[in-house]
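Working through the structure, step by step
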Amino acid sequence: MEKFEIKLNEDALIRREKRKPSPQKNKLTVKKIYCKGCGLCVDICPTGTLQLEDNKESKFGVSVKIDAQEYCIGCKLCESRCPDFAIFVNYNEKKEKNEKKTSITGKHNRC
Ligand code: SF4
Ligand code: SF4
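These lines cover the structure that appears in this document, whether it is placed above or below. A quick note: this is a predicted structure, and the numbers were derived from the prediction, not measured.

1. Quick word on the overall build of the protein
Within the protein, the regular secondary structure consists of four helices and four strands. For the protein, the succession of helices and strands along the chain, N to C, is α-β-α-β-β-α-β-α. Partitioning the contacts of the protein with sequence separation of at least 6, the portion at a separation of at least 24 is 65%.

Take a look at the structure:
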């Protein structure tokens, strides 16, 4: 792991140490196939939930890891910052809500 990645991870851990786990349960989803391990999400996460890790299966050799999901406050900064649409916050919840809406209105998703 390169120096700047280690620094990102260390900074994230320092931020995490200053916090308590979130009372709210949030679900993070990473699409590793799209993640290039740029670290933007690790850098912006205010709670130090994310880390970078070596990943031999990725062509970039590194990808993001959800290291302490219980610290996630659901702010979605990671999701909005990711240039590759590789990380989602409460993704299934949103999908379920859409499905419920569809079943109430009787409309399908393409309308
Ligand atoms: S939603 Fe916020 S707290 Fe949770 S991982 Fe993303 S940036 Fe961090
Ligand atoms: S999830 Fe997105 S922002 Fe985070 S390391 Fe991967 S590509 Fe970069």
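Moving on, there is more to tell.
2. Focus on the site of ligand 1
Inspection of the region around ligand 1 gives 15 residues, with C45, C72, C75, L77 and C78 positioned closest. A breakdown of the residues in the shell around ligand 1 according to their chemical character gives 10 nonpolar, four polar and one charged.

3. Some remarks on the environment of G74
When you line up the elements, G74 lands in the loop between β3 (62-66) and α3 (77-81). Its 16 C-beta neighbours within 10 Å are what place G74 among the partly exposed residues. Those residues in contact with G74 that sit more than four places away from it in its chain are Q24, N26, V89 and N90.

4. Considering unusual backbone geometry
In the Ramachandran plot, F85 falls in the positive-phi region, its phi being about 50 degrees despite a non-glycine side chain. Inspection of the secondary structure puts F85 in the loop between α3 and β4 (87-89). Residue N90 is not a glycine yet carries a positive backbone phi of 50 degrees. Assignment of secondary structure puts N90 in the loop between β4 and α4 (91-105).

5. A look at helix α1 (residues 3-17)
Across its 15 residues, α1 extends 21 Å between first and last C-alpha, which sits within 8% of the 21 Å expected from 1.5 Å per residue. Looking at the buried side of α1, the elements it contacts are α2 (40-44) and β2 (50-54).

6. What about the environment of T29?
Within the element layout of this structure, T29 appears in strand β1 (residues 28-30). Spatially, the C-alpha atom of T29 lies 6.9 Å from that of Y91, the residues being 62 residues apart in sequence. Beyond its immediate stretch of four places on either side in the chain, T29 contacts F88 and Y91.

7. Section: the environment of K25
Assignment of secondary structure puts K25 in the loop between α1 and β1. On a C-alpha basis, the gap between K25 and E70 in space is 6.8 Å, while along the polypeptide they are 45 residues apart.

8. Some thoughts on the nonpolar core
Ranked by internal contacts, the top residues of the largest apolar core, which has 13 residues, are C41, V42, C45, L50, V64, C78 and I87. Elements represented by at least two residues in this core include exactly α1, α2 and β2. Contacts of C41, omitting those with residues within four sequence positions, involve L50, V64, C78, R81, C82 and I87.

Rules used throughout
Residues numbered from 1 in each chain as written. Chains lettered and ligands numbered in written order. Predicted model: local features only at pLDDT ≥ 70, side-chain atom pairs only at ≥ 80, totals over all residues. Helix = DSSP H or I, 4+ residues; strand = E, 2+ residues; numbered from the N terminus. Contact = placed C-beta atoms within 7 Å. Near = placed C-beta within 6 Å. Nonpolar A, V, L, I, M, F, W, Y, C, P; charged D, E, K, R; others polar. Buried ≥ 20, exposed ≤ 12 C-beta atoms within 10 Å, placed from the backbone. Expected span 1.5 Å × (residues − 1). Core = buried A, V, L, I, M, F, W, Y, C linked by C-beta atoms within 7 Å.

Note that all results are geometric; they support no functional claim without further evidence.
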